[in-house]
Amino acid sequence: MIPAPRIQLKDYDYVLLSLSLLCILVYSVYMVITGWKTMKTPELMMLSLLISLFGALITFSVANLPSGIGCRVLAAMQQFLFLSSLFWSSAIGINITHSIFTIRSVSTTRKKYFFYCIYSLGVPLLLVLITYGLSVAHQDNPDFKVYRETFCFLQQSEVLYGLFLVPIYLVVGSNLILCILCMVRVQRSMSIASNDKDRWKKNVITCIKLSVTFGISWVLLFIFTASPNTKQLEILMQVSIEIQGILVVFVNVLSWGCLTKVQSLFKSEPSTTQPQSSSGNSTEPTELTPLPVIR
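These notes cover the structure that comes with them. (Residues numbered from 1 in each chain as written. Predicted model: local features only at pLDDT ≥ 70, side-chain atom pairs only at ≥ 80, totals over all residues. Heavy atoms only, no water.)

Here we take up the overall build of the protein chain. Assigned secondary structure in the protein chain consists of 11 helices and zero strands. When the elements of the protein chain are put in sequence order from the N terminus, they spell out α-α-α-α-α-α-α-α-α-α-α. Counting over 295 residues, the protein chain shows a buried share of 48%. For the protein chain, the computed accessible surface area is about 15,100 Å², with 67% contributed by carbon and sulfur atoms. (Helix = DSSP H or I, 4+ residues; strand = E, 2+ residues; numbered from the N terminus. Buried < 20%, exposed > 50% of the residue type's maximum accessible area, 1.4 Å probe, protein only. Areas by Shrake-Rupley, 256 points an atom, 1.4 Å probe, with all protein chains shown as cover.)

Written as structure tokens, this is what we have:
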């Protein structure tokens, strides 16, 4: 049986979780206040991902507190919210890939968003309901315990794999493939800007933004489940979960224009590269704020 992660929160865990939750909260409120009426499908999907991730991190931080029925409810919430955040990243990945390869502008309608909702919320909800059904069917079987009592999560290995880990593996694996395809496509499209001296830096930014948005950091889960008793991997996996909010918000703020502005603040004399910076923006296909849509 693959053991569920043991949450033993230390001071730095509380700090990381608090920073992630704060980043998500501030950025989500900013998105709603500044552009709710004009939000397109990409922005709505990113907001939905942030909301799911916010809930997932909260349930993750208190997973070892409740007991009894409350623990099972919290386990179901964890299962749903983490799966939902991963499926939203998958939906975003599909939308990014479609935008890159078809070179189409983002639709101003929200109809497409509701189809992504069915995918990103419906599939996780179905998996949670199946899990609950199994727990009811085997409630009198001491050898088939669906939920843990000391740690509010899934216990039975068949349930843990079939209704949580395998769906995550599939989503992360498909996202990894889509991410690589997008990076190759972006690299080729940027070859037309051979006179842009900062092109390689923009490529690095593209890779970072795509990797985080596609949820590639969850590849660590493959390694963790292969060696679940390795303390270092357990800590690394736990930290990677705790900083998800920081990473997602960071890549939405990160852009080439943002970096050049920050760089200019540390220069004592007026920048002489401003014309280049301006021309560079026209060749940067990685403006992913507030959602990564490659243009």
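Nonpolar side chains collect at one region of the surface, where Leu25, Val29 and Ile33 lie side by side and expose about 290 Å² of accessible area between them. Among the structural elements, Ile33 can be located in helix H1 (residues 11-35). You can call Ile33 exposed: its relative accessible area is 67%. (Patch = residues over 30% accessible without salt bridge, like charges linked within 9 Å, V, L, I, M, F, W, Y side chains within 5 Å. Salt bridge = Lys/Arg side-chain N within 4 Å of Asp/Glu carboxyl O.)

Turning next to helix H8 (residues 231-242). The end-to-end C-alpha distance of H8 is 17 Å, a good match for the 16 Å that 12 residues give at a rise of 1.5 Å each. Within the span of H8, buried status applies to Glu234, Met237, Gln238, Ser240, Ile241 and Glu242. (Expected span 1.5 Å × (residues − 1).)

A full pass over the atoms with the stated rule returns seven aromatic pairs. Consider the rings of Phe82 and Trp218, whose centres lie 5.9 Å apart with planes at 70°: the pair is edge-to-face. Of this pair, Phe82 sits in helix H3 (residues 69-102) while Trp218 is found in the loop between helix H6 (199-213) and helix H7 (220-226), placing the two residues 136 residues apart along the sequence. Aromatic pair Trp88 and Tyr113: ring centres 5.8 Å apart, planes at 15°, arrangement stacked. Separated by 25 residues along the polypeptide, Trp88 in helix H3 and Tyr113 in helix H4 (residues 111-137) bring together distant segments of the chain. A single burial state applies to Trp88 and to Tyr113, both of which are buried. A connected cluster of aromatic rings, assembled from ring pairs, spans Phe60, Phe82 and Trp218. (Phe/Tyr/Trp six-rings, centres within 6.5 Å; stacked < 30°, edge-to-face > 60°.)

Structurally, Ala75 is set in helix H3. The class for Ala75 is buried, based on a relative accessible area of 0%. On a C-alpha basis, the gap between Ala75 and Ala63 in space is 7.5 Å, while along the polypeptide they are 12 residues apart. Leaving out residues up to four positions away in the same chain, Ala75 has contacts with Tyr147, Cys152 and Phe153. (Contact = heavy atoms within 4.5 Å.)

Glancing now at the state of the cysteines. Applying the stated criterion to the full structure yields one disulfide. Covalent S-S linkage joins Cys71 and Cys152, the inter-sulfur distance amounting to 2.2 Å. Taking the torsion about the S-S bond as the criterion, the Cys71 to Cys152 disulfide, at about -125°, is left-handed. Remark: Cys152 occurs in the loop between H4 and helix H5 (157-189) and Cys71 occurs in helix H3; sequence separation between them is 81 residues. (Disulfide = S-S within 2.5 Å.)

What follows covers the nonpolar core. The biggest cluster of nonpolar side chains holds 63 residues, and the ones touching the most others in it are Leu50, Trp88, Leu154, Phe164, Phe214, Trp218 and Leu221. Contacts of Trp88, omitting those with residues within four sequence positions, involve Met45, Ser48, Leu49, Ser52, Tyr113, Tyr116, Cys117, Ser120 and Leu121. (Core = buried A, V, L, I, M, F, W, Y, C linked by side-chain atoms within 4.5 Å.)

The interhelical angle for the contact between H1 and helix H2 (residues 41-61), taken along N-to-C directions, is 150°, at an axis separation of 10 Å. Accordingly, the angle class assigned to the pair H1 and H2 is roughly antiparallel. Seen along the crossing, H1 lies across H2 with a hand that is left-handed. Judged by residue contacts, Leu17, Ser20, Leu21, Ile24, Leu25, Tyr27, Ser28, Met31 and Val32 of H1 engage Glu43, Leu47, Leu50, Leu53, Phe54, Leu57, Ile58, Phe60 and Ser61 from H2. Of the residues belonging to the contact of H1 with H2, the class tally is 14 nonpolar, three polar and one charged. (Axes fitted to C-alpha atoms, helices over the stretch in contact; angles between N-to-C directions. Parallel < 35°, antiparallel > 145°, perpendicular 65-115°, else oblique. Left-handed = near helix turned anticlockwise from the far one by under 90°. Nonpolar A, V, L, I, M, F, W, Y, C, P; charged D, E, K, R; others polar.)

With that settled, consider the side chain of Ser84. Take Ser84: it is sitting in helix H3. The exposure class assigned to Ser84 is buried, which follows from its relative accessible area of 0%. One polar contact links Ser84 to Ser52, side chain to side chain, over a distance of 3.1 Å. The residues contacting Ser84, other than those within four sequence positions of it, are Ser52, Ser120, Leu121 and Pro124. (Polar contact = N/O pair within 3.5 Å; in protein donor to acceptor, adjacent residues only side chain to side chain.)

From the geometry alone we can't say anything about function, so treat these as descriptive.
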